[in-house]
2 protein chains.
Amino acid sequence: MAMPLPGPRAWIEVVTMEFKHQATVTLAEVADAAGVGESTVSRVLRNHGSFSGKTRDRVIAAVERLGYVPNRIAGTLASTTSRLVAFVIPSLSNIVFPDVLRGASAVLEENRYQAVFSVTDYDPTKEEALAAAMLAWRPAAVMLAGYEHTEGTVKMLRASGCRIVEMLDVDGDALDLAVGFSNGAAGRESAAFLLKRGYRRIGYVGHDLNRDTRAGKRFAGFCQTLGTGDAPLADREILAGASSVENGRLGLERLLARTPDLDAVYFSNDDMALGGYFHCLARGISIPGQLAIFGYNGLDIGRATPQPLSTIRTPRVATGQVAAQLVVTNAPPQVVDLGFELIEGATA
Amino acid sequence: MAMPLPGPRAWIEVVTMEFKHQATVTLAEVADAAGVGESTVSRVLRNHGSFSGKTRDRVIAAVERLGYVPNRIAGTLASTTSRLVAFVIPSLSNIVFPDVLRGASAVLEENRYQAVFSVTDYDPTKEEALAAAMLAWRPAAVMLAGYEHTEGTVKMLRASGCRIVEMLDVDGDALDLAVGFSNGAAGRESAAFLLKRGYRRIGYVGHDLNRDTRAGKRFAGFCQTLGTGDAPLADREILAGASSVENGRLGLERLLARTPDLDAVYFSNDDMALGGYFHCLARGISIPGQLAIFGYNGLDIGRATPQPLSTIRTPRVATGQVAAQLVVTNAPPQVVDLGFELIEGATA
DNA sequence: ATCGCTGTTGGCAGCGCTGCCAAAATGGGT
DNA sequence: ACCCATTTTGGCAGCGCTGCCAACAGCGAT
């Protein structure tokens, strides 16, 4: 209507406006309904400050009656303190990260924190963009994988003033909090184990190491220990793309085609190792007699194969739990090394 | 200090207060620095409304200079429209859900939405509590698994006015949007396939069906089709707890101990089926000659085993993508059946 | 020079809640 | 009945941004 009619219809606009916002019950309405002030409702709902039992009952009743749902957006703005925790993770395909999220979200939920996440695909530039986007939500903490971040990311995070947790690695300088284990040590121990078992013609099958820097650190540690013995790395096969069972299978096939006399192969992780294991099963290569296989991560599936996979079990869920715990308790900056466990298994 | 000293130190308190809020740059400060009004900065930053190129450059420069990070909490409150999408999922251990999240988060990120999540452990009561907590963040949409929710959950979601997406199932009445495939049909097709292949002594190994209602629907569909032929279900083994490779192995072991003459086994999903497969490998049971194995999900690992797993491939990532797409485009209520694909494989 | 149009711009009232403060109620003592 | 120390309570100014609206500038057309 270009020309609203004068007179009794003037209230029409008001009605329209009232319908605009999805009949959302506000704290003020609850206060009215309960016959108390807004701050009293707020205190009761957060169980913070003091109020009489009688008042509490009336407030609760009004809340139930109206179906009031507090607005955390408004609450966060008003208190300038957030209970959001932002996860910026490389991937959701690699089970490592769901595991970390699982551990963390359990702890966060108990403490009434809320997890938000985004996925970088192992791309540091994307990580920077996503971290920036996350900071706009003013989280209490940002949880990242590892230490390798762009300069921009680091600067932004530092300036944000929120807690920073670098997870799944402790080989480096933490920005604030760090929780995980040493990938370098994992690589070294794997090599030491294979050497101790007597293997001397050792190869490696891995996925894109530029992106997954933690896998890179393991490989570096592995080579470092091999290098000090009489059995330097005999050959390696690096596949482009993410780790996967199929890539592990393919990688081992190629590696053996080139260097058939290997007696052991180290894989960048259990997914890859399982692929190698299946390749051997399919080709009738006896394990570990003809070829030993060693992985990394300690996935459950590796314990159920006919021969349990020799690998290193990492505390992924615990990493998430501890990371979350440190954040909710507002712990001082520190590095928590959760260690790892070498599983002898039966494939090496 | 119980008694603050008078005189020149009076400003101490003021300084303390200034440090309280982590030197956060606000839009107003950017406006001052750029010599423009707040609303102009807001328009430039959101690329919304009109402004001159000159103004834009000055604003951008000020933003960079001050390292301004917009506050989405404030923005969301002010605009009363949210770009948060809440995922309330049963589990993160079951790869299904990370896959869905992966598909969804890619689409959401492109559209500048932010994913938040929490995990119910397949517990409807917990789902209700978590859904309530999520609604407090006033999300644009709540994404859930399946149709089985408590009355309270349904009532709350309906009242919230935000979009509701029920994922991974289409066998039921959708509250608003639904994206997935028919679990009942998957069960029926699996049974039909085994019957067509000539198997007649068919067993089932599954995990807790009360919690995972979608697995229950598959099993029901499976039995339904078997029942119409001359080969009703010969035996079943249900394991308490979540699905896992180890449970699949154990389940098959128990089932065969009780009913050794089975010629095929249907598993509640691929994790379980792989356990069964490994059990056969370990015991020298030939597949599919002595025993056929059929799974559900179409995990990548099932394609890399010496014999590719016979299974049904489900569009998990696509489910997440489509769900997110429907939300960001504000599509009308509808049910999207993405279907599934039967993989013949070599284990049945 | 004046008019009217389109394109820009700033001011300001909220969004729904929390934190602070002052006011009011309560509950013994005396 | 009166005083003081506690509770308990309500008012209200923001938190940082957006949306609305009015004001204004630029620029051909008259």
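Note that the structure is predicted; figures quoted are calculated from it, not measured.

Let us look at the relation of the copies chain B and chain A. Turning one copy of the chain about an axis and sliding it along that axis gives the other copy, so a rotation and a shift relate them. For the pair chain B and chain A, the superposition axis carries a translation of 0.0 Å, the fit reaches an RMSD of 0.1 Å, and the rotation angle comes to 180 degrees. Taken together, the rotation angle and the small translation identify this as a two-fold axis. Minimal C-alpha distance to the rotation axis in chain B is attained by V116 of chain B, lying at 2.0 Å. In this assembly, 100% of the residues forming the interface of chain B have copies in chain A that are likewise at the interface, indicating an isologous arrangement.

This next bit is on helix α2 (residues 27–34) of chain B. Residues and elements named next belong to chain B. Of the residues making up α2, those classed as buried are V30, A31 and A34. For α2, the arc enclosing every buried residue in end-on projection is 100 degrees, short of the 170-degree limit, so these residues lie on one face. Where α2 is buried, its residues touch α3 (38–46) and α4 (53–66). Just downstream of α2, G35 is the residue with a positive phi angle, here 70 degrees.

Pairing in this open sheet of 12 strands is mixed, and the strands run β11(A)-β5(A)-β4(A)-β3(A)-β1(A)-β2(A)-β2(B)-β1(B)-β3(B)-β4(B)-β5(B)-β11(B) from one edge to the other. Both outer strands of the open sheet, β11 (334–337) of chain A together with β11 (334–337) of chain B, are each paired with one neighbouring strand and no more. Within the sheet, the average angular offset between the axes of one strand and its neighbour, ignoring direction, is 20 degrees. The sheet contact formed by strand β3 (residues 141–145) of chain B and strand β4 (residues 163–167) of chain B spans five bridges and is parallel.

This paragraph deals with the packing of helix α9 (residues 183–196) of chain B against helix α10 (residues 213–228) of chain B. All names here are of chain B. Closest axis-to-axis distance for the α9/α10 pair is 7 Å, and the angle between their directions is 40 degrees. When the axis of α9 is compared with that of α10, the two are oblique. α10 is crossed by α9, and the crossing has right-handed handedness. Along its contact with α9, which presents N183, G184, A186, G187, R188, S190, A191, A192, L194 and L195, the element α10 presents R214, K217, R218, G221, F222, Q224, T225 and L226. Looking at the contact of α9 with α10, its residues break down into seven nonpolar, seven polar and four charged.

Residues and elements named next belong to chain A. Topologically, R218 is positioned in helix α10 (residues 213–228). One buried charge, R218, has no salt-bridge partner; the nearest side chain with opposite charge is D212, at 4.7 Å. Separated by 2.9 Å, the side chain of R218 and the backbone oxygen of S268 make a polar contact. Look past the residues within four positions of R218 in its chain and what remains in contact with it is N183, A186, G187, Y266, S268, N269 and Y296.

Taken together, 26 residues sit near DNA strand D, with T40 and T55 of chain A together with L27, S42 and Y68 of chain B positioned nearest. Within 4 Å of the protein, atoms of DNA strand D come from sugar and phosphate in 66% of cases. Between DNA strand D and S42 of chain B there is a distance of 2.5 Å, counted from a phosphate oxygen to a side-chain nitrogen or oxygen. One of the side-chain nitrogen or oxygen atoms of Y68 of chain B is found 2.2 Å away from a phosphate oxygen of DNA strand D.

Here we come to the domain arrangement of chain A. Residues and elements named next belong to chain A. Parsing chain A into structural domains produces domain 1 (12–70), domain 2 (81–181 + 317–338) and domain 3 (183–313). Put simply, the middle of domain 2 and the middle of domain 3, counted by C-alpha atoms, are 29 Å apart. Taken together, the contact pairs 16 residues of domain 2 with 11 residues of domain 3. Taken over both partners, the interface formed by domain 2 and domain 3 buries close to 1,000 Å², and the fraction arising from carbon and sulfur atoms is 42%. Of all residues in domain 2, the largest losses of buried area upon contact with domain 3 belong to Y122, E148 and D171, amounting jointly to 42% of the total for that side. We note a salt bridge from K217 to E148, for which the minimum N-O separation is 3.3 Å. For the pair domain 2 and domain 3, the number of links is 10 residue pairs in polar contact (both at pLDDT 80 or more). Class assignment for the residues of the side of domain 2 that touches domain 3 results in nine nonpolar, two polar and five charged.

What counts and what doesn't
Residues numbered from 1 in each chain as written. Chains lettered and ligands numbered in written order. Predicted model: local features only at pLDDT ≥ 70, side-chain atom pairs only at ≥ 80, totals over all residues. Heavy atoms only, no water. Least-squares fit on C-alpha atoms with pLDDT ≥ 70 in both. Contact = heavy atoms within 4.5 Å. Buried < 20%, exposed > 50% of the residue type's maximum accessible area, 1.4 Å probe, protein only. Helix = DSSP H or I, 4+ residues; strand = E, 2+ residues; numbered from the N terminus. Arc of directions from axis to C-beta. Pairing = 2+ DSSP bridges. Axes fitted to C-alpha atoms, helices over the stretch in contact; angles between N-to-C directions. Parallel < 35°, antiparallel > 145°, perpendicular 65-115°, else oblique. Left-handed = near helix turned anticlockwise from the far one by under 90°. Nonpolar A, V, L, I, M, F, W, Y, C, P; charged D, E, K, R; others polar. Lys, Arg positive; Asp, Glu negative; His and termini not counted. Salt bridge = Lys/Arg side-chain N within 4 Å of Asp/Glu carboxyl O. Polar contact = N/O pair within 3.5 Å; in protein donor to acceptor, adjacent residues only side chain to side chain. Near = heavy atom within 4 Å. Domains from an automatic or database assignment. Buried area = accessible area lost by both parts, 1.4 Å probe.

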